[in-house]
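# Observations on the three-dimensional arrangement
One letter stands for each residue in the lines below.
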Amino acid sequence: MSPMPRRLPALVASLALLAVPSPSLGDSMLVTGGEAAGASASLNFRIIIPAVMRVMENSHPLQLTANADGALSGEQRLVVLSNLKRGFCVNLRLAVPGVDRWQLHTPPASDIILSPAGDGYRVCSARPGRYTLVLQHQFGVNTPGQQAMHWPVQTDISAI
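Residues numbered from 1 in each chain as written. Predicted model: local features only at pLDDT ≥ 70, side-chain atom pairs only at ≥ 80, totals over all residues. Heavy atoms only, no water.

### Comments concerning the overall build of the protein chain
Looking only at helices and strands, one finds one helix and ten strands in the protein chain. N-terminal to C-terminal, the α/β element order of the protein chain is α-β-β-β-β-β-β-β-β-β-β. Taking all 160 residues of the protein chain together, 22% fall into the buried category. Long-range pairs, those at least 24 residues apart, make up 73% of the contacts in the protein chain between residues at least 6 apart in sequence. (Helix = DSSP H or I, 4+ residues; strand = E, 2+ residues; numbered from the N terminus. Buried < 20%, exposed > 50% of the residue type's maximum accessible area, 1.4 Å probe, protein only. Contact = heavy atoms within 4.5 Å.)

Below, the structure written as structure tokens:
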């Protein structure tokens, strides 16, 4: 056999090794003008915070008793937690017949607006946050000599 055919398998094997890239060889690329030939990825996150408007506390006496001048009074403590951008309103209205001369007072607060409404009062806040409202109610009654009465105010809360 001639020397060439014996060397042919070794020559083919050598050429095959040259055609396969070696893992030890470094790779480099020159990128010009923003023309990237590599992979790129972007991530877009969207965080959704659900709207929350929660009455944490609505405490008041169950029954009012008359003071020396015959007027009925009571304190209502209302704690509201809200993350609504435009805020919330609390509507207070009489739920018991026979009550007149209702007055509502609250200490001044920077973000709270107290205003009379058709059949009661409206307390609003235009910002999110946690609010503790201390509301002083005074009632007059149509029945002379009435010394006690169940809590007469209904409280409704709504988003703005």
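### A few points about the packing of aromatic side chains
Overall, the coordinates contain four aromatic pairs when judged by the stated rule. Summarising the aromatic geometry, the rings of Trp-102 and Tyr-121 are spaced 5.0 Å apart at their centres and angled 85° between planes, so their arrangement reads as edge-to-face. Taken together, the residues Trp-102 in strand E5 (residues 99–105) and Tyr-121 in strand E7 (residues 120–125) connect sequence positions 19 residues apart. Residue class for Trp-102 comes out buried when judged on its relative accessible area of 11%. (Phe/Tyr/Trp six-rings, centres within 6.5 Å; stacked < 30°, edge-to-face > 60°.)

### Considering a nonpolar patch on the surface
On the surface, Met-53, Val-55 and Ile-157 cluster together into a nonpolar patch covering about 200 Å² of accessible area. Residue position: Val-55 is located in strand E1 (residues 53–59). (Patch = residues over 30% accessible without salt bridge, like charges linked within 9 Å, V, L, I, M, F, W, Y side chains within 5 Å. Areas by Shrake-Rupley, 256 points an atom, 1.4 Å probe, with all protein chains shown as cover. Salt bridge = Lys/Arg side-chain N within 4 Å of Asp/Glu carboxyl O.)

### Side note on the environment of Val-52
Mapped onto the elements of the fold, Val-52 is located in the loop between helix H1 (3–19) and E1. If we ignore the near neighbours within four places in the chain, the residues touching Val-52 are Leu-81, Ser-82, Asn-83 and Leu-84.

### Topic: the environment of Ala-109
Topologically, Ala-109 is positioned in the loop between E5 and strand E6 (112–117). As for Ala-109 and Leu-133, which are separated by 24 residues in sequence, their C-alpha atoms are 8.9 Å apart.

### Details of the nonpolar core
Counting residues in hydrophobic clusters, the biggest one holds 22 residues, and the most contacted among them are Leu-72, Leu-92, Trp-102, Phe-139 and Met-149. Of all elements in the fold, only strand E3 (72–82), strand E4 (88–94), E5, E7 and strand E8 (129–141) reach the threshold of two or more residues within this core. Among the elements that take part in this core, E8 stands out by supplying five residues, more than any other. (Core = buried A, V, L, I, M, F, W, Y, C linked by side-chain atoms within 4.5 Å.)

Spatial relationships are all this shows, so hold off on functional conclusions.
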